[in-house]
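These are the residues of each chain, in order.
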Amino acid sequence: MRYVLIFLLQFSLLIIAQAQGNKDRRIDLSGQWRFAIDSLDKGVAEKWFSRILEDQIRLPGSMTTNGKGNEIDLHTPWTGSIADSSWFKSDVYAPYRVPGNIKIPFWLQPVKYYKGAAWYQKTVTIPASWAGKQVELFIERSHWEATVWIDDVALGMQNSLGTPHQFSLPATLRPGTHRITVRVDNRIKTFNVGENAHSITDHTQSNWNGMIGTLELRVRPRLFIDNVQVYPDINKKQVIIKTVLVNTGGSTTTATLEAVAGSGNPDAEKLKPLIQKVAINQDTTHVELVYAMGRQPLLWDAFHPNLYTLNIRLRTVAGTDEQAVPFGMRAFTAKGTQFAINGHTTFLRGTLECAIFPLTGYPPTDTASWLRILRKARSFGLNHIRFHSWTPPEAAFEAADRLGFYLQVECSSWASPIGSGEPIDTWIYAESDRMVKRYGNHPSFVMMVYGNEPGGPHQTDYLKKFVAHWQQKDTRRLYTTGAGWPVVSESDYNNTPDPRLQGWGQGMNSILNGQPPRSDYDWTSIISKWKQPTVSHEIGQWCVYPDFKEIRKYTGVLKAKNFEIFRDKLEQNGMLHLADSFLLASGKLQTLCYKADIEAALRTPGFAGFQLLDLHDFPGQGTALVGVLNPFWEEKGYVTADAFSRFCNAVVPLARFPKMIYRNNERLQVPVVLAQYGAADLKSDRGTWHIKNEAGEVLFKGMFKHAVMPAGGLYPLGTIEQALSPVKYPSRLTVTVKAGPYENSWDIFVYPAVLPAAPDQILVTQQLDETAVTALQKGSKVLLTLKKGNLKKEAGGNIAVGFSSIFWNTAWTHGQPPHTLGILCDPQHPALKQFPTQYHSNWQWWDAMSHSSAIILDSVSKGLQPIVRVIDDWVTARPLGLIAECRVGKGTLMLSGIDLLSDADKRPEAQQLLHSLLSYMNSAQFHPVTTADITRIKRLLVEH
């Protein structure tokens, strides 16, 4: 006991002295370095490592952050595929190809660009106290291939994209002044991770050249701890400690290995130290220890991210070496078709992080920056991050450990082909080894895959072997083949795009665009054929209009020149004053689409989770404005974290509406379930529901039967049953379900089953025929409601109108529909008085958008202002309308791009909207101002 107390005292003193010890054992290399660009690749042959380089650069940093490189021009050798090459040849972009005004539309534009070799050099002084010890150059992140010389001695080359580069200096190195030279090359060379992989691509972080994070020389004894891996066993309440000891002294010896784990949590049990004598071989010695974690170790999960630190020390005659290793007591496993954390079923609510850092063009290496990002993600209800085709710095793991985030990390690849015998096949194994060695102890690191969406005829065989290799080697996390595909039974889990609302290429045939709105579908039929957990790959991808106020935020190395192009287009078309309105209206639709996508995942029994693309914008691949947050992880003004987390959270009430549009002679019958993946059973008052009108008045309410809602899955609350006959007027009603502190809401629309007869004095027609023309010439009122397909291409007939917002973007998807972003209107306009609406799309507009053509307003009359506007793709930014009024001859015309007559008996929304328009036209308020020529209108229509 006395020895134990002495040992603990020694460890306490060691921790107190560690800061000073670290200072004595490290030389900080940040600051000014000498520099040279080697665009002709002659530096090695000319032995630039032997000369003093003449230029200067500051590190950590990149060439771009230091203003070095070439100006952007037509011939910039980008790293990343360009799906839409129109910028290089279209007259539309001609002004942006002029030197001095180069602006690219497909991703953020760096202030400078360079791809090739660059040389970095610094003079250092090795202190006398380091003589005879192991000295190492540590580069936390090099982008990417680094070749190092100390004076004239080559130390080798390393090419990891996701882990530090560490170079051992020669044992013969003497104290004194020395010259370190690093040649960094950011070209794709012997192996190709894929030009679109987010580890290297200009689509996101940019293909920068430089070194970031910690840059330093480190000294250790000749006999040192090379690596420590901690394997928790929560059932046995112990950890297995596997250490690798390296002996550069050349002779066998003995040493003492001492280990003790502790937690910063005051409730944690004080653990005893473990001391073991070990025999040291001449080169490398592997030691395995079993360490008891006490009677009741604190477990790590999303709700209780309890962390331990293992302090391990090696004492020999050559000196003392120590490491502090963070870890968590946790078991992340497959439990049937779902995941379990420490035996408790959990549900992954994730988003992608694609290395998007506009200010620097490279990822932050400080924990504070990652805490900010993850806290924002948590505020929006998420517990999971997928690092798409890249590996983040250690600070990201540290932040995730502290906040309880589950991470899927990838081997920096989006490769095609893979498994075909190319160098990339070997590199993936080597990189994954480096990743696990460096980050494997972090409890947040729960999933690993090779990378994104692999290609090649032999991908499946290769990735099966990759998964089997890691399943056998390290059981601390789960493994699958690739993000997206292939799905194989050998994987621990599936990561597939099959269960999502809008699939690639579905266009207007997706659930959201091709079927009337409802919320009673799920993905059971898709996932039932698999026995392992399924996580849906890249769900969402719903776009929003650009926020041009965001342009001024790009104060770093990447500029939003794409936004400047889009802003110019909107201004040319006379609608710049509507930019903010387009943002807010399309944002409300985007949020509605994300709500539908997320709820479908949550209400699927036995589902394992989803990965959004994306909670924040993706600036590349043609500009994919898919985030409710901007690239800086800031809100855009149309949905708050509180509102989003009502439908995206650990606990979410879910209503299975068979439809969202009702007549008042119908009855609501809506089953309600609770997605309950909280920390514990929910014990509270019984769940409740209520229905309010737009004035906030409670029209109906009720209570469910059960009061205890167990954690770990879907729990049925009951059924909302309510007759709608008391609703006498057309109404937007909000149905809210509450379970404990959690609540969720849905808008439904109720219309009278019987409408007044249409006024006789208004001609309602689907063609501008002789009868309609004559009526207008005589001064009558005409409502022209166009059948879909009756509008010519030049008037907007070829514009793909859908209910949802744009999927990803039209450039990268080669024009996949829809090409619009919902509606914008004045809800107080008298034409809409009998058709309750907000200023943006909601479910009642699905019918209109599905039976319409968007009218290019200027084709009718220059400057025509619509009653209901359609928001066009930001690339074309055309003035589009669904409903507009004008004077034609002596008469007045209501022009509707919506077909309000076909199958009207099956379309209550169409009947109600027609009634509202006719009521307006029959009133004194109907007094169009803009004049349109009848001949011009006729030319816009397809002749029959």
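Residues numbered from 1 in each chain as written. Predicted model: local features only at pLDDT ≥ 70, side-chain atom pairs only at ≥ 80, totals over all residues. Heavy atoms only, no water.

A. Molecular detail of the overall build of the chain. Counting its regular elements, the chain contains 15 helices and 48 strands. Taken over C-alpha atoms, the radius of gyration comes to 32 Å for the chain, in line with the 30 Å a tight globule of 944 residues would show. Seen through its principal axes, the chain has C-alpha atoms that stretch 110 × 70 × 45 Å. Burial statistics for the chain: of 944 residues in total, 61% are counted as buried. Of the contacts formed within the chain by residues at least 6 apart in sequence, a portion of 73% connects residues at least 24 apart. (Helix = DSSP H or I, 4+ residues; strand = E, 2+ residues; numbered from the N terminus. Rg over C-alpha atoms; globule rule 2.2 N^0.38 Å. Buried < 20%, exposed > 50% of the residue type's maximum accessible area, 1.4 Å probe, protein only. Contact = heavy atoms within 4.5 Å.)

B. Main features of the environment of Q828. With respect to the helices, strands and loops of the structure, Q828 is situated in the loop between β44 (820-825) and α12 (846-850). Taking the C-alpha atoms as reference points, Q828 and Y839, separated by 11 residues in sequence, lie 9.0 Å from one another.

C. View of the layout of surface pockets. Here the largest pocket defines a volume of roughly 1500 Å³. Lining the largest pocket are 41 residues; nearest its centre among them are R26, F138, R218, Q323 and R438. Of the residues assigned to the lining of the largest pocket, the class counts are 10 nonpolar, 15 polar and 16 charged. In this structure, the second largest pocket is lined by 27 residues; those nearest its centre are T591, L592, K595, S745 and D747. Taken together, the elements giving at least two residues each to the lining of the second largest pocket come down to α9 (579-602) and β41 (742-751). (1 Å grid on protein atoms, 1.4 Å probe; cavity = no way out; pocket = protein on both sides within 12 Å on 5 of 7 lines; lining within 4 Å. Points joined across faces, edges and corners; volume = space filled by probe spheres on them. Nonpolar A, V, L, I, M, F, W, Y, C, P; charged D, E, K, R; others polar.)

D. Fine view of the sheet that holds strand β21 (residues 338-341). The 3 strands are arranged β20-β21-β22 in an open sheet whose pairing can be described as antiparallel. Each edge of the sheet is formed by a strand with only one pairing partner; in this case those strands are β20 (332-335) and β22 (344-346). Between one strand axis and the next, the sheet turns through 45 degrees on average, direction left out of account. As paired elements, β21 and β22 share 3 bridges and run antiparallel to each other. Residue pairing for β22: I341 is matched across the bridge by H344. (Pairing = 2+ DSSP bridges. Axes fitted to C-alpha atoms, helices over the stretch in contact; angles between N-to-C directions.)

E. Layout of the packing of aromatic side chains. Applying the stated criterion across every chain, the model contains 45 aromatic pairs. Aromatic side chains W504 and F807 sit 6.2 Å apart centroid to centroid with 70 degrees between the ring planes, which places their arrangement in the edge-to-face category. Here the residue W504 occupies a position in the loop between β28 (494-496) and α6 (511-514), and F807 occupies one in the loop between β43 (781-785) and β44, the gap between them amounting to 303 residues. The exposure class of W504 is partly exposed, given its relative accessible area of 48%. Three or more aromatic residues joined by ring pairs make a cluster, and in this case those are W78, W87, F88, F106, W107 and Y113. Its guanidinium or amino end placed over the ring of Y521, R603 lies 4.7 Å from that ring's centre, counting from NZ or CZ. (Phe/Tyr/Trp six-rings, centres within 6.5 Å; stacked < 30°, edge-to-face > 60°. Lys NZ or Arg CZ within 6 Å of the ring centre and 35° of its normal.)

F. Representation of the pattern of salt bridges within the structure. Evaluation of the coordinates by the stated rule reveals 43 salt bridges. As a salt-bridge pair, R438 and E394 come within 3.0 Å of each other at their nearest N and O atoms. Remark: E394 occurs in helix α3 (residues 394-403) and R438 occurs in helix α4 (residues 423-439); sequence separation between them is 44 residues. Among the residues examined, E394 registers a relative accessible area of 16% and is labelled buried. A salt bridge links E599 to K595; its shortest N-O distance comes to 2.6 Å. (Salt bridge = Lys/Arg side-chain N within 4 Å of Asp/Glu carboxyl O.)

G. Just the sheet that holds strand β6 (residues 117-126), in detail. Strand order in the open sheet made by the 6 strands is β3-β2-β6-β11-β8-β9, with antiparallel pairing throughout. Every other strand in the sheet has two partners, leaving β3 (55-59) and β9 (153-158) as the edge strands with one partner each. Between one strand axis and the next, the sheet turns through 30 degrees on average, direction left out of account.

H. Inspection of the packing of α4 against helix α5 (residues 459-473) at higher detail. Here α4 crosses α5 at 25 degrees, and the two axes come no closer than 12 Å. Taken together, α4 and α5 sit at an angle that is classed as roughly parallel. Classified by chirality, the crossing of α5 by α4 is right-handed. In this structure, α4 uses I424, D425, I428, Y429, S432, D433 and V436 to contact α5, whose residues at the interface are Y462, K465, F466, H469, W470 and K473. Tallied by class, residues from the contact of α4 with α5 come to 7 nonpolar, 2 polar and 4 charged. (Parallel < 35°, antiparallel > 145°, perpendicular 65-115°, else oblique. Left-handed = near helix turned anticlockwise from the far one by under 90°.)

I. Structural context of the side chain of T79. Mapped onto the fold, T79 is located in the loop between β4 (61-62) and β5 (109-110). The exposure class of T79 is buried, given its relative accessible area of 3%. A polar atom in the side chain of T79 sits 2.9 Å from the side chain of N207. Those residues in contact with T79, other than ones at most four positions away along the chain, are Y113, K115, I188, E195, I200, T201, D202, H203 and N207. (Polar contact = N/O pair within 3.5 Å; in protein donor to acceptor, adjacent residues only side chain to side chain.)

J. Highlighting empty space enclosed by the protein. In total, this model carries 9 cavities of 30 Å³ or more according to the counting rule given. In this structure, the largest cavity occupies an estimated 140 Å³ of space. Residues of the lining of the largest cavity, tallied by class, amount to 11 nonpolar, 5 polar and 1 charged. By volume, the second largest cavity amounts to about 80 Å³. Forming the boundary of the second largest cavity are M63, T64, K68, P110, K112, Y113, Y114, D202, S206, N207, W208 and N209.

K. Spatial organisation of the nonpolar core. F644 and F657 are the most contacted members of the largest nonpolar core, which totals 197 residues. Sort the elements by how many residues they give to this core and α9 lands first, with 13 residues. Counting 30 residues, the second largest nonpolar core, distinct from the first, contains I27, L29, I57 and A146. (Core = buried A, V, L, I, M, F, W, Y, C linked by side-chain atoms within 4.5 Å.)

L. Focus on unusual backbone geometry. Here the amide bond leading from L613 into D614 is cis, since omega sits at 15 degrees, within 30 degrees of zero. Of the consecutive residues P817 and P818, the connecting peptide bond is found in the cis state with omega at 0 degrees. Turning to its location among the elements, P818 is positioned in the loop between β43 and β44. At E538, a residue that is not glycine, the phi angle is positive and equals roughly 55 degrees. Residue placement: E538 occurs in strand β29 (residues 534-540). Since its relative accessible area comes to 7%, E538 is described here as buried. The backbone of Q541 sits at a positive phi, close to 65 degrees, despite the residue not being glycine. Mapped onto the elements, Q541 comes out in the loop between β29 and β30 (558-559).

M. Looking closely at the packing of helix α2 (residues 367-379) against α3. It is the contact of α2 with α3, at a shortest axis distance of 8 Å, that shows an interaxial angle of 45 degrees. By the criterion of interaxial angle, the relationship of α2 to α3 is oblique. Crossing geometry of α2 relative to α3 is assigned as right-handed. The segment α2 lies against α3, with T367, W370, L371, L374, R375 and R378 engaging A395, A396, E398, A399, A400, R402 and L403. Partitioned by chemical class, the residues of the contact of α2 with α3 number 8 nonpolar, 1 polar and 4 charged.

N. Local environment of α2. The end-to-end C-alpha separation of α2 is 18 Å, in line with the 18 Å expected for 13 residues at 1.5 Å each. Listing the buried residues of α2 in full gives T367, W370, L371, I373, L374 and A377. End-on, the buried residues of α2 take up no more than an arc of 165 degrees, which puts them together on one face. Of the surrounding elements, those touching the buried residues of α2 are β23 (348-353), β24 (384-387) and α3. Positive phi shows up at G381, right after α2, with a value of about 90 degrees. (Expected span 1.5 Å × (residues − 1). Arc of directions from axis to C-beta.)

O. Structural view of the environment of R97. Summarising the element assignment, R97 is placed in the loop between β4 and β5. Owing to a relative accessible area of 15%, R97 belongs among the buried residues under this scheme. For the pair R97 and L74, spaced 23 residues apart in the sequence, the C-alpha separation amounts to 6.9 Å. If we skip the residues at most four places from it in the chain, R97 touches L74, S86, W87, F88, K89, S90 and I102. Within the local environment of R97, its side chain forms a polar contact with the backbone oxygen of W87, the two atoms lying 2.6 Å apart.

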